Amino acid sequence: MRRPKLGRPKLGRPRLPRTRAGQRRLVQAVMAGCVLALLPATWMYVVTGDRLRTTADVPRTDVAVVFGAGLWDGEPSPYLAHRLDAAAELYRAGRIEVVLVTGDNSRKDYDEPDAMRTYLTRHGVPDAHIVSDYAGFDTWDSCVRARKIFGVREAVLISQGFHIRRAVALCEEAGVASYGVGVPEKHDATWHYGGTREILAAGKAALDAVFEPDPHFLGREEPGVANALAARR
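Being a predicted model, the structure only gives us computed values, none of them experimental. (Residues numbered from 1 in each chain as written. Predicted model: local features only at pLDDT ≥ 70, side-chain atom pairs only at ≥ 80, totals over all residues. Heavy atoms only, no water.)

Caption draft 1: The arrangement of the confidence of the model for the protein chain in detail. Model confidence for the protein chain is summarised by a mean pLDDT of 85, while 82% of its residues fall at 70 or above. Note on residues 32–36: pLDDT under 50 across the span, and zero contacts to partners over four residues away in sequence or across chains. (pLDDT = per-residue confidence, 0-100. Contact = heavy atoms within 4.5 Å.)

Below, the structure written as structure tokens:
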């Protein structure tokens, strides 16, 4: 007697509703899902509608916040370098007084804030006017820490265009009145990846804004920004 051949079970095609009522419910469910998926992005656009500027027309503000964007062999990645270039430009133009660099230093061999500081000093920003946040592990953490740890109440935020709306929306929710400068970039693979990632990140941003979780690390208040401003004046 031959044994029956064992094969992979065949997956049937999903069956669409045959009745008009069923089809209508399916369409309504798909439309509702699309609306829910777009709500966080819509919220960000509404909140940040009049808060985006360029380096040429951003209002003068004491503090600029530059968000980390990765290192290449210990040096700022091209995207991060462009953010830092914008901060240095604002400093040289007298539109900001202090730069708060916020990024990841979760291990000894990876230190975004120190790399950012070194880059800025090479581009004309005095070391005394740079403040480092070593626990800016994500955008929400950076915004909350800017307010609660460093006492920043108003700031210019600097990032790429695909990220800047989320940064402004979250900093506003964290209590930092913000203007955003979106650094222009060519639309390469990294840019498209960043834009796609933002669709998912918008959902997390909305949850952060609603539930306001504590950052990974909070700690004691630091006078770095206040001291730098006092020295500048």
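Caption draft 2: Main features of helix α2 (residues 78–92). Under the 1.5 Å per step criterion, the end-to-end length of α2 is 21 Å for 15 residues, consistent within 8% with the ideal 21 Å. Within α2, the full set of buried residues consists of Tyr 79, Leu 80, Ala 81, Arg 83, Leu 84, Ala 86, Ala 87, Ala 88, Leu 90 and Tyr 91. Backbone geometry just after α2 places Gly 94 at a positive phi near 75 degrees. (Helix = DSSP H or I, 4+ residues; strand = E, 2+ residues; numbered from the N terminus. Expected span 1.5 Å × (residues − 1). Buried < 20%, exposed > 50% of the residue type's maximum accessible area, 1.4 Å probe, protein only.)

Caption draft 3: Region of the structure containing helix α3 (residues 112–122). Along α3, the residues that are buried comprise Glu 112, Pro 113, Ala 115, Met 116, Arg 117, Tyr 119 and Leu 120. Looking at the buried positions of α3, the neighbouring elements they touch are β2 (63–67), β3 (71–72), β4 (75–76), α2, β5 (98–102) and β6 (130–133). The N-terminus of α3 is capped by Asp 111, whose side-chain oxygen sits 3.1 Å from the backbone nitrogen of Asp 114. Just past α3, the residue Gly 124 takes up positive phi, approximately 95 degrees. (Polar contact = N/O pair within 3.5 Å; in protein donor to acceptor, adjacent residues only side chain to side chain.)

Caption draft 4: Region of the structure containing the packing of aromatic side chains. Counted under the stated rule, the structure contains two aromatic pairs. Here Tyr 79 and Phe 162 contribute two aromatic rings whose centre-to-centre distance is 6.2 Å and whose plane-to-plane angle is 35 degrees, an arrangement assigned as tilted. With Tyr 79 in helix α2 and Phe 162 in helix α5 (residues 161–174), the pair connects residues that are 83 residues apart, well separated along the chain. On the numbers, 5.8 Å between centres and 65 degrees between planes, the contact of Phe 137 with Phe 217 is edge-to-face. On the criterion of sequence distance, the pair formed by Phe 137 in the loop between β6 and α4 (139–148) and Phe 217 in the loop between α6 (189–211) and α7 (224–232) is long-range, its members being 80 residues apart. For Phe 137, a relative accessible area of 28% corresponds to the partly exposed category. Phe 217 sits in the exposed class, given a relative accessible area of 53%. The residue whose ring lies beneath Arg 51 is Tyr 179, and the NZ or CZ to ring-centre distance is 4.2 Å. (Phe/Tyr/Trp six-rings, centres within 6.5 Å; stacked < 30°, edge-to-face > 60°. Lys NZ or Arg CZ within 6 Å of the ring centre and 35° of its normal.)

Caption draft 5: Highlighting the layout of surface pockets. Reported here for the largest pocket is a volume of approximately 730 Å³. Elements represented by at least two residues in the lining of the largest pocket include exactly α2, α4, α5 and α6. Among the elements that take part in the lining of the largest pocket, α6 stands out by supplying nine residues, more than any other. Tallied by class, residues from the lining of the largest pocket come to 13 nonpolar, 11 polar and 10 charged. (1 Å grid on protein atoms, 1.4 Å probe; cavity = no way out; pocket = protein on both sides within 12 Å on 5 of 7 lines; lining within 4 Å. Points joined across faces, edges and corners; volume = space filled by probe spheres on them. Nonpolar A, V, L, I, M, F, W, Y, C, P; charged D, E, K, R; others polar.)

Caption draft 6: How the structure looks around the side chain of Asp 111. With respect to the helices and strands, Asp 111 occurs in the loop between β5 and α3. One buried charged side chain, Asp 111, makes no salt bridge at all; its nearest oppositely charged neighbour is Arg 117, positioned 8.3 Å away. Within polar-contact distance, the side chain of Asp 111 engages the backbone nitrogen of Asp 114 at 3.1 Å. For Asp 111, the residues in contact, after removing those within four places along its chain, are Leu 71, Asp 104, Asn 105 and Tyr 134. (Lys, Arg positive; Asp, Glu negative; His and termini not counted. Salt bridge = Lys/Arg side-chain N within 4 Å of Asp/Glu carboxyl O.)

Caption draft 7: Highlighting the state of the cysteines. Tallying each qualifying case throughout the model produces one disulfide. In this model, Cys 143 is linked to Cys 171 through a disulfide, with the two sulfur atoms separated by 2.2 Å. The disulfide joining Cys 143 to Cys 171 has a torsion of about -85 degrees about its S-S bond and is therefore left-handed. With a gap of 28 residues between them, Cys 143 in helix α4 and Cys 171 in helix α5 connect regions that are remote in the sequence. The burial state of Cys 143 is the same as that of Cys 171; both residues are buried. (Disulfide = S-S within 2.5 Å.)

Caption draft 8: Structural context of the pairing of β2. For β2, a buried count of five out of five residues is recorded, marking the element as mostly surrounded by other parts of the structure. Alternating residues of β2 divide into Val 63, Val 65 and Phe 67 and Ala 64 and Val 66, and every residue in both groups is buried. In this sheet, strand β7 (residues 154–160) lies alongside β2 in parallel orientation, the contact comprising three bridges. From the neighbouring strand, Val 66 faces β7, where its bridge partner is Ile 158. (Pairing = 2+ DSSP bridges.)

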